[in-house]
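# Per-entry structural report
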Amino acid sequence: MPRGKIKNGNGKRLATPQSVDQAVKSICDIMRRGNCAGAMQYVPELTWILFLRILDEKELREEQEAKALGVPFRASLDSPFRWRDWGAPPETLPEGQTNKRFELQNAPQNAFFSFINSQLLPYLKDLKNRPDASPRQKVISEIMTGVERVRIDTERNFLDVLDKVHQLTAETVDPTHVFTLSQVYEGLLLKMGEKGNDGGQFFTPRQVIKAMVRVIDPKVDETVYDPGCGTGGFLAQSFEYMVGNLGKSATAEQLETLKQRTYWGREKENLIYPIALANLVLHGIDKPSLWHGNTLTGQEIYGGLFENAPQSYDVILTNPPFGGKEGKEAQINFDYKTGATQVLFLQHVIRNLREGGRCGIVLDEGLLFRANEDAFVKTKRKLLDDCDLWCIVSLPGGVFTAAGAGVKTNLLFFTKGKPTQNIWYYDLTDIKVRKKTPLLIKHFEEFFRLLPSRAASDNSWTVDMVERKRLAADEAKPLNEQSTAKSQQAAQLNEQIKDLKKADPRDEKAIEEAKAKVSELMKEARDLASKAKEIEDAVYDLKAVNPHRIPVVDTRTPEELLDIIEAKGREINEALSVLRNIKS
C-alpha cells in the first residue's frame, strides 16, 4: 500500500549500520554546534524528535490502512502537534499545501521555539492525563517526561536538525540490517565517545537476537520478559517473530493480546528507557509494559506502565550487563551474594521464570568457566538443578566489538522445571567476525538444522552432566573421607589435650606437641577438603571446549628453534650487507 504523498527528503536509502551512523553523525554535528556538546544533551533531544517523526509516519500509514478497510481510526496527536504539521519541511509537502512550520518560519524570531516549548511539549506531556487516554498516548507522555525545553540554541540549527531527521524514515532505512532507533542510540554512544561500558551495558546485534528468538519460539498467550531490556531489541524482535508466525490467520484478539499484554521489561538507564518505549511503540506494541528502575535493587523510578505484571514469565530473552559491580543493596536480594552483575541477573532470571518456562540469555565466558568463586558455582549449580540447560552456543570473538565490548560470549538456552542431564554444545568460534564482516543469520544455518535432534558434528557435541557429576563425586569421595578421618583424629587429640591439662603435674611439652599435631591434622583435613571441592566445583565449568578440534601443537625442539633463529639472523645480515653495498 502506498504511504501517502509526503516525500522523504533526499530519498537516499540507508542500507547499512554505517550509513545510518553517518546520517546520525551529521545530525549530531548540528547539535554540537547548537549547544548540545555531549551525549547527555543530544541523546534525549534526538530521541523525542526522531520518535515523533517516525510516529507520524506510522500513524499516517495506519490511517490510510483504516480508510481502505472502512474502519474508524483514532490518531494519537491532533493538529498542529503532528510531525507533518510542525516538523516536516514545507518543500516536501504536496504542491499547494502548507503547514504550521511554514507559518512559524515566516513569523517573528523565536516564534518557533515559543510554539515548541509552550505549546507542543506541554500538550505531549499532558496526553496521559486525559480520561480517555490510549496506551500509546500514555507512552508518548512518558517518553516526553524529561524534556523541559528545546536544548538546541538557535531556531536555524533546530530547523536543520528537523530537515535531517525527516530523512530518517522507514522507507529509507533498510530493516534487514538495522534497528532504526536502537542503531541510532548505539551509534551515538559508540561514535561520540560515551560508550557506557563501565557497567557492561552492550548492544546486542540484531542477528544474535533473531537467532535467540527463533530458538525459544515464543507463542501467542505467552508472556515475554527482558529484565535488562536496553533499547528493547529482544521484545521488539519477539513481537515481529510472533506476528510473522501468525501471518494472515491472525485474529483481532490475538493481535490485541500481542500489542497490549505480552511484553514486559525493565531498564535502569534514564537515557535508554524512553528509547526503549519509543522503539516498541514504533514496532507496533501499543502497550509496552516497561518498568524504569534498578532490576537488582528493586529501586523504582517509574512503574506506571508495569501495573498488573505477572509474578513469573513464560519466556525470558535477555542480554544482561556483564562486567559491572553491584553493592550490598543489590546483593541483599539474592541467595548467592557477589558483586558480579551478570551472576545476580542469572539468579533473577531463574527466580522469575515460571515452571516450564523457556529462557535464552547471553552470558560472558567468565561466568561459564569460573569455578573458583562460591557465588558463581552455586548459581550455576542452581541453574543445573532447577533447569534443563539444553543448549550452549559458543559465539565467535568480536561479536560485540562493534558495540565497544571485546568480551567473549555464549548463548544459553534452558527450560525451568527439571534438572539438566545433557548439554548440547554448538561452536561458532571458527567464524572470523570483524567490523565489516559481522555475524549473520546465515552463520546459524547448520546450528538450526542440527538443533532438533541435538546431532553431533565437527561443530557440535553433547556433555553428559549426570556422568560428569558421578565421576567427580567418585574422584572427590576418597579425599573427603580422608579429610573426615583427619578431622576426627584432631577431635580425639583435642579430647586428650583436655585430659592432659587436668593432669597434676601438667606435662606442658606433651600438651604443646598435641596442639601442634592437631594444627597439622586440621590443615591436612582442610587441604583434602579443598581439593575435593575443586574437583566437585569443576563440574560447573561449562565453557565450550570442542572435542573435535585438533589443537595446533608446535613439536619443534629448542635446538631446532635456535637453528631457525640463527638461519634468519644470517639472512638478515646478508640483506644488510647488500643494502650497505648499494649505499656505498
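This text goes with the structure placed above it.
Now for a look at the structure at hand. Only a predicted model underlies this, so the values are computations on that prediction, with no experimental measurement involved.

Between its first and last C-alpha atoms helix H14 (residues 341-352) spans 16 Å; for 12 residues at 1.5 Å apiece the expected length is 16 Å, and the two agree. In terms of burial, H14 is a largely internal element, 11 of the 12 residues being buried. When we look at burial in H14, the residues that qualify are Thr341, Gln342, Val343, Leu344, Phe345, Leu346, Gln347, His348, Val349, Ile350 and Asn352.

The subject of this paragraph is the pattern of salt bridges. A complete count under the given rule lists 39 salt bridges for this structure. For Arg82, the salt bridge is made with Asp85, and the minimal N-O distance between the two is 2.8 Å. Residue class for Asp85 comes out buried when judged on its relative accessible area of 9%. Through salt bridges that share partners, Lys58, Glu59, Glu62, Arg136 and Asp286 make up one connected network.

Moving on, we get to unusual backbone geometry. That bond from Ser79 to Pro80 is cis: its omega, 10°, falls within 30 degrees of zero. Relative to the helices and strands, Pro80 resides in the loop between helix H2 (39-69) and helix H3 (83-86). In this structure, Asp217 is a non-glycine residue whose phi angle is positive, near 55°. Tracing the chain through its elements places Asp217 in the loop between helix H9 (206-216) and strand S1 (224-226). When its relative accessible area of 23% is taken as the criterion, Asp217 is described as partly exposed. For Asn308, which is not glycine, the phi dihedral falls at a positive 65°. Secondary-structure assignment places Asn308 in the loop between strand S4 (300-302) and strand S5 (313-318). Judged by its relative accessible area of 76%, Asn308 falls in the exposed class.

What counts and what doesn't
- Residues numbered from 1 in each chain as written.
- Predicted model: local features only at pLDDT ≥ 70, side-chain atom pairs only at ≥ 80, totals over all residues.
- Heavy atoms only, no water.
- Helix = DSSP H or I, 4+ residues; strand = E, 2+ residues; numbered from the N terminus.
- Expected span 1.5 Å × (residues − 1).
- Buried < 20%, exposed > 50% of the residue type's maximum accessible area, 1.4 Å probe, protein only.
- Salt bridge = Lys/Arg side-chain N within 4 Å of Asp/Glu carboxyl O.

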